[in-house]
Amino acid sequence: MPTDETPAPFERLEIQVGPHTYDALACGPVDGEFVLLLHGWPEFADSWSEVLPALGTAGYRAVAVDQRGYSPRARPPRIADYAVPELVADALAFADSQGADRFHLVSHDWGGMVAWALAGAHPERLKSLTVLATPHPDALNRAADTDSTQHHRLDYVRFFRRDDAAAEGALLADDAARLRAVYAGKVPEALVDGNVRRLTAPGALTATLNWYRAPESVISIPAGRITVPTLFLWGSEDTALGRGAAESTGEWVDGPYRFEALEGASHWLPEEVPEVVAPKILDHLAQYV
C-alpha cells in the first residue's frame, strides 16, 4: 500500500534475501518482462519515480529496490558486507525473487558500478543493460590515472572512504546542508527531503558510505568485458564523471553498444531529465525482448 514514501501509482514490495528484507517499488503487469532498476548514492528506489510508470505503461514489470544499506532491514554492520560481489548477489536475488531468469537491468551512479560488474560476471542473466552516468570502471580508472581533472573529480570518494566518520559529520552538519548540496539543485525538493530524512536515521548514512569503503581502492570494481547489449547515457554537465571516461567506455563493450551524451544534463539523469531518458530506455529494451 502507498505510504508517505511511496507515490500513489506504485506498488510497494518487500523482497526477502537471506536475513535481509528490502523495500521496493513496482509498476506494470506481474507477467510483463522483468526490468530491475538500481539507484545510486544518495538515492533510493523513488529516484526512478518518473521512469517506472513509463516502463509499466509499456507492459514491463519494473521493480526498483532500496538496496543494501538503504533498506532499514537490510543494513549489515561490517564494511565488508558492502563489497561489490555482495551487491551483485543482491541484484541477482531480486530478479530471482520475481521469477526472472533473464531480465533487463537499468542503473544509475553506484547502481551502475554494480550493473557493470553483474553484466561482466553473469551475462547469461541479462537481456539488456542500461547505465546512466557511470562509465565502465576500467574506463574511469584509466581516465583518473591519465587526467588530473578526472583524478580530482573523485576527491569526494577519497573523503567518503575515511573510516573516522568525518564524512558523516560533514554531510549531516547544519541540517544536512552538505548532503543537500550534493544534488546541486537538479533533484526535486520533495525527493531531496525524503532522501535526507531517511539518511539521517541512525546508521543509515554510514551504511550507504560503506559502498565506497568496501573496495580495496577508489575504483577497484571488478567488471571485465561486457557482451550484453548496452545503452550508456551520460550528462555533459556531470561534475564527478568526465567526458573522457564516458566516451571511452565503449572500448570495454564487445556486444551491441550505444552511447549518448545528453548535452546540458547533469549527473542526476533519472530525476532531472526523465522525459529524455525514459524513451531512450524503452527504445533500447524493445530491441532485446
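Everything quoted here is computed from the prediction, not taken from an experiment.

So, how was this worked out
Residues numbered from 1 in each chain as written. Predicted model: local features only at pLDDT ≥ 70, side-chain atom pairs only at ≥ 80, totals over all residues. Heavy atoms only, no water. Pairing = 2+ DSSP bridges. Helix = DSSP H or I, 4+ residues; strand = E, 2+ residues; numbered from the N terminus. Axes fitted to C-alpha atoms, helices over the stretch in contact; angles between N-to-C directions. Contact = heavy atoms within 4.5 Å. pLDDT = per-residue confidence, 0-100. Parallel < 35°, antiparallel > 145°, perpendicular 65-115°, else oblique. Left-handed = near helix turned anticlockwise from the far one by under 90°. Nonpolar A, V, L, I, M, F, W, Y, C, P; charged D, E, K, R; others polar. Phe/Tyr/Trp six-rings, centres within 6.5 Å; stacked < 30°, edge-to-face > 60°. Buried < 20%, exposed > 50% of the residue type's maximum accessible area, 1.4 Å probe, protein only. 1 Å grid on protein atoms, 1.4 Å probe; cavity = no way out; pocket = protein on both sides within 12 Å on 5 of 7 lines; lining within 4 Å. Points joined across faces, edges and corners; volume = space filled by probe spheres on them. Polar contact = N/O pair within 3.5 Å; in protein donor to acceptor, adjacent residues only side chain to side chain.

**Q** How should the sheet that holds strand 1 (residues 11–17) be read in this particular structure?
**A** In any sheet, the strands associate via hydrogen bonds between backbone groups, in a parallel or an antiparallel arrangement. Judged by pairing direction, the sheet is mixed, and its eight strands sit side by side in the order 1-2-4-3-5-6-7-8 without closing on themselves. Each of the sheet's edge strands pairs with one partner strand only, and the pair in question is strand 1 and strand 8 (257–262). Adjacent strand axes in the sheet meet at a mean angle of 20°, parallel and antiparallel pairs treated alike. Strand direction decides the pairing type here: strand 1 and strand 2 (residues 20–27), joined by seven bridges, are antiparallel. Within strand 2, the position partnered with Ile15 by the bridge is Tyr22. Here helix 12 (residues 274–286) sits on the sheet and contacts strand 3 (34–38), strand 5 (103–108), strand 6 (126–132), strand 7 (230–235) and strand 8; the angle it forms with strand 6, its principal contact strand, is near 160°.

**Q** I would appreciate a short explanation of the environment of Ala62 in the present structure.
**A** Its location among the elements puts Ala62 in strand 4 (residues 61–65). Distance from Ala62 to Arg197, taken between C-alpha atoms, is 25 Å for residues 135 residues apart in sequence. Ignoring anything within four residues of it in the chain, the contact list for Ala62 reads Leu25, Ala26, Cys27, Val35, Leu37, Leu52 and Leu55.

**Q** Is there a simple way to think about the confidence of the model for the protein chain in this case?
**A** The predicted coordinates of low-pLDDT regions are not to be read in fine detail. With 97% of its residues at a pLDDT of at least 70, the protein chain reaches an overall mean of 95. Of the regions scoring below 50 in pLDDT, residues 1–8 engages in twelve contacts with residues more than four places distant in sequence or in other chains.

**Q** Looking at this structure, how should I read the packing of helix 7 (residues 166–182) against helix 8 (residues 189–199)?
**A** How two helices pack is summed up by the angle between their axes together with the distance between the axes. At a minimum axis separation of 10 Å, helix 7 and helix 8 run at an interaxial angle of 125°. One element, helix 7, and the other, helix 8, form an angle in the oblique class. For the pair helix 7 and helix 8, the sense of crossing is right-handed. Facing helix 7, whose interface residues are Ala176, Leu179 and Arg180, helix 8 presents Val192, Asp193, Val196 and Leu199. Taken together, the residues that form the contact of helix 7 with helix 8 break down as five nonpolar, no polar and two charged.

**Q** Could you clarify how one ought to interpret the packing of aromatic side chains in this entry?
**A** We describe a pair of aromatic rings using the distance from one ring centre to the other and the angle between the two ring planes. Taken as a whole and judged by the stated rule, the model has 15 aromatic pairs. Seen from their ring centres, Phe34 and Phe103 are 6.2 Å apart, and the 65° between their planes marks the pair as edge-to-face. Of this pair, Phe34 sits in strand 3 while Phe103 sits in strand 5; the two residues are 69 residues apart in sequence, bridging distant segments of the chain. The buried category is assigned to Phe34, whose relative accessible area is 6%. For Phe103, a relative accessible area of 0% gives the class buried. A centroid spacing of 5.9 Å and a plane angle of 85° characterise the contact between Trp110 and Tyr212, whose relative ring orientation is edge-to-face. Here Trp110, found in helix 3 (residues 110–121), pairs with Tyr212, found in helix 9 (residues 204–213); they are 102 residues apart in sequence, far enough to count as distant.

**Q** For this particular structure, what's the right way to read empty space enclosed by the protein?
**A** Using a probe with the size of a water molecule, rolled over the atoms, empty space left in the structure can be pinpointed. Tallied over the full model, the rule gives one cavity of 30 Å³ or more. Estimates place the volume of the largest cavity at around 190 Å³. For the largest cavity, the lining is made up of 15 residues, of which Trp110, Met113, Tyr156, Val157 and Tyr212 are closest to its centre. Of all elements in the fold, only helix 3, helix 6 (155–160) and helix 9 reach the threshold of two or more residues within the lining of the largest cavity.

**Q** What exactly am I supposed to notice about the side chain of Thr208 here?
**A** By the secondary structure assignment, Thr208 is in helix 9. Accessibility expressed as a relative area gives 0% for Thr208, which makes it buried. Separated by 3.0 Å, the side chains of Thr208 and Trp41 make a polar contact. Leave out the neighbours within four places in its chain, and Thr208 touches Trp41, Gly69, Tyr70 and Leu199.

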